[in-house]
Amino acid sequence: MTRSTRERIVDEALRLFAERGYAATSVAEIEAASGLSPGAGGLYRHFKSKYEVLAAAINQHAARTRSQVAESLAELSAMESSADLEERLAHMCRAGLAKVREESELTRVFFRDLSQFPELVAVVRQGLLQPMFDAIVTWFRAQPEYQDVELDWAGIAAVLGGSVVHYRLFQETVGELPGHAEKDQFVTAWVRLAVGLLPAPAPVR
């Protein structure tokens, strides 16, 4: 699908911010990468400033995350009658890993540059990170095995969701797999951890 000029600017700016840093990326470089004449002011026909481009990228990713979380929950819900608990857990873990990997450019920008923009940190926290933890809580409470079980779901979500985020962040920052564990190994261990944090599932009526 053909991207609009505005979409190209946002996408290319985020890529450059991830590669070089926000401060080290000029408007002219964003224009050139977006197919505009560098230094001619084409970016300003769509955005007031470089900061506004960054904010648009962050908000765009947050909006997309909300949509993806809803889609993933619907997909997982459809699996309930055809897959056992461990298979459903593995699917959820893989979906989380894929989402964190998808946000690799944003992750690099977050750690390098966003501390100077606390309002954008809040968008990342509320629009990208917290929805993942909330989705884990929602998913567990919806499972037939755990619908009537009262547990610290928020704490469990923090452990399980945090490990998924850490697995990908370690790769992004260190350049190696944590503990040299391949993805399939991680997913298998994650499922075992999840099952260990939970009581024996009640029989499904």
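In what follows, the structure referred to is the one given above.
A brief look at the structure comes next.

Parameters at a glance
- Each chain has its residues counted from 1, running along the sequence as written.
- The predicted origin of the model limits local features to residues at a pLDDT of at least 70 and limits the giving and counting of side-chain atom pairs to 80 or more, whereas totals for whole chains, interfaces and linings rest on all residues.
- Just so you know, side-chain values use all the structure's heavy atoms and leave hydrogens and water out.
- A run of H or I in DSSP becomes a helix once it reaches four residues, and a run of E becomes a strand once it reaches two; helices and strands are each numbered from the N terminus.
- The classification of residues rests on relative accessible area computed with a 1.4 Å probe and restricted to protein chains. Under 20% of the type maximum is buried, over 50% is exposed, and intermediate values are partly exposed.
- What makes two residues a contact is simply this: any of their non-hydrogen atoms within 4.5 Å.
- Nonpolar side chains (Val, Leu, Ile, Met, Phe, Trp, Tyr) within 5 Å and like charges within 9 Å form the patches, drawn only from residues with over 30% relative accessible area and no salt bridge.
- Using a 1.4 Å probe, the Shrake-Rupley method yields the accessible areas, and only the shown protein chains count as cover for residues.
- Basic side-chain nitrogens of Lys or Arg form a salt bridge, by our definition, when they fall within 4 Å of a carboxyl oxygen of Asp or Glu.

1. Let's talk about the side chain of E12
Stage number 1. Along the chain, the position of E12 falls in helix α1 (residues 5-20).
Stage number 2. E12 gets classed as buried once you look at its relative accessible area, which sits at 14%.

2. A closer look at the environment of R168
Stage number 1. As for its placement among the helices and strands, R168 is situated in helix α7 (residues 153-174).
Stage number 2. Taking the relative accessible area as the measure of exposure, R168 reaches 9% and is therefore buried.
Stage number 3. Remark: the alpha-carbon pair of R168 and S77, spanning 91 residues in sequence, is separated by 25 Å.
Stage number 4. Non-local contacts of R168, meaning those with residues more than four positions away in its chain, are made with L97, V100, R101 and K183.

3. With respect to a nonpolar patch on the surface
Stage number 1. Among the surface-exposed residues, V159, L193 and L197 lie close enough to one another that they form a single nonpolar patch of about 220 Å² accessible area.
Stage number 2. For L197, the position within the fold is in helix α8 (residues 183-197).
Stage number 3. The class for L197 is partly exposed, based on a relative accessible area of 35%.

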